[in-house]
Amino acid sequence: MKKICFSFLMLILLFLHIPSQQASGLDFDGRYTFYSTQKISDENCSVVKNGCVFEISCDAAYAKSLRMILDEVIGESVCFYGDENDFVNISRSLGNCVFYDVDGVMVAEGFSSRLGKTVEGKEGDVNFQTAFSEGIITVGTPVILGSF
């Protein structure tokens, strides 16, 4: 019986020390949008159904709490004011990235070890995308799923 109890205790200790595999999300001060197949009702958010995905938007102050509630997140993005230098510095701080232009909008995409899911991009696996247009910076993971 002692061996069973000891084994059970060791299993619990091992379980508690396994690091979480969930990557951290974006961390900027702006308006967040989470793209999820999970519908929620929350007074701190606005929710729009777009096909089979719900676009759930909230301020930065509530984004961390919302991230913990949502189970079925396909992607997330955040928009905030900035200039071209901010855009370049933020893009480079996220990870290695490639810059290009899409109809006058500056875009960068790349890979960050701090973020989760990847998709296939122009230069291989991508898990973040940034865009800059008219004083607004948009950062999305794995890419910007809304407009920019």
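What you are looking at is a predicted structure, and each value in this text was computed from that prediction instead of being measured.

Caption draft 1: Spatial organisation of the overall build of the protein. Along the protein, the regular secondary structure elements total three helices and ten strands. Going residue by residue from the N terminus, the α and β elements of the protein occur as α-β-β-β-α-β-α-β-β-β-β-β-β. A total of 148 residues make up the protein; the buried ones form 40% of that total. Here the analysis covers contacts within the protein between residues at least 6 apart in sequence; of these, 52% occur between residues at least 24 apart. Carbon together with sulfur atoms contributes 55% to the accessible area of the protein, which is approximately 9,500 Å² in total.

Caption draft 2: Just the sheet that holds strand β3 (residues 53-59), in detail. Ordered by their spatial adjacency, eight strands build an open sheet running β2-β3-β1-β4-β10-β9-β6-β5, and the pairing between neighbours is antiparallel. Strand pairing shows two members of the sheet lacking a second neighbour, β2 (46-50) and β5 (96-102), which therefore form its edges. Looking at each pair of strands side by side, their axes are set apart by 20 degrees on average, direction ignored. Bridge count between β2 and β3: five bridges; the pairing is antiparallel. Within the sheet, the bridge partner assigned to V47 lies in β3 and is I56.

Caption draft 3: How the structure looks around the nonpolar core. Core analysis: the biggest nonpolar cluster contains 25 residues, and F28, Y32, C58, L66 and V139 have the highest contact counts within it. Discounting chain neighbours no more than four positions away, the residues touching V139 are L26, F28, E76, S77, V78, F80, I90, L94, Q129, T130 and I144. Formed by five residues, the second largest nonpolar core is a distinct cluster that contains Y100, V105, V107 and I144.

Caption draft 4: Structural view of helix α2 (residues 60-69). Of the residues making up α2, those classed as buried are Y62, A63, L66 and R67. Within α2, the buried residues cover an arc of 145 degrees as seen down the axis, which keeps them to one side. Turned more than 90 degrees away from the buried face of α2, the exposed residues are A61, K64 and M68. Tucked into the core, α2 has its buried residues touching β1 (31-36), β3 and β4 (73-81).

Caption draft 5: How the structure looks around the pattern of salt bridges. According to the stated counting rule, one finds two salt bridges in the structure shown. Residues R31 and D59 are paired through a salt bridge, measuring 3.1 Å at the closest nitrogen-oxygen approach. Placement of the pair is R31 in strand β1 and D59 in strand β3, with a sequence separation of 28 residues. On the accessibility criterion, R31 (36% relative accessible area) is partly exposed. By relative accessible area, which is 47% here, D59 ends up partly exposed. Taking the shortest distance from any N to any O, the salt bridge between E76 and R67 comes out at 2.8 Å.

Caption draft 6: Quick peek at the environment of P142. Within the element layout of this structure, P142 appears in the segment after β10 (136-141). With 30 residues separating them along the chain, P142 and S112 place their C-alpha atoms 9.9 Å apart.

Caption draft 7: Region of the structure containing the side chain of R67. Mapped onto the fold, R67 is located in helix α2. Engagement of the side chain of R67 in a polar contact is seen with the side chain of E76, the distance being 2.8 Å. Setting aside residues no more than four positions away along its own chain, R67 makes contact with G25, L26, Y32, F34 and E76.

Analysis parameters
- Residues numbered from 1 in each chain as written.
- Predicted model: local features only at pLDDT ≥ 70, side-chain atom pairs only at ≥ 80, totals over all residues.
- Heavy atoms only, no water.
- Helix = DSSP H or I, 4+ residues; strand = E, 2+ residues; numbered from the N terminus.
- Buried < 20%, exposed > 50% of the residue type's maximum accessible area, 1.4 Å probe, protein only.
- Contact = heavy atoms within 4.5 Å.
- Areas by Shrake-Rupley, 256 points an atom, 1.4 Å probe, with all protein chains shown as cover.
- Pairing = 2+ DSSP bridges.
- Axes fitted to C-alpha atoms, helices over the stretch in contact; angles between N-to-C directions.
- Core = buried A, V, L, I, M, F, W, Y, C linked by side-chain atoms within 4.5 Å.
- Arc of directions from axis to C-beta.
- Salt bridge = Lys/Arg side-chain N within 4 Å of Asp/Glu carboxyl O.
- Polar contact = N/O pair within 3.5 Å; in protein donor to acceptor, adjacent residues only side chain to side chain.

Function cannot be read off these values alone, since they describe shape.
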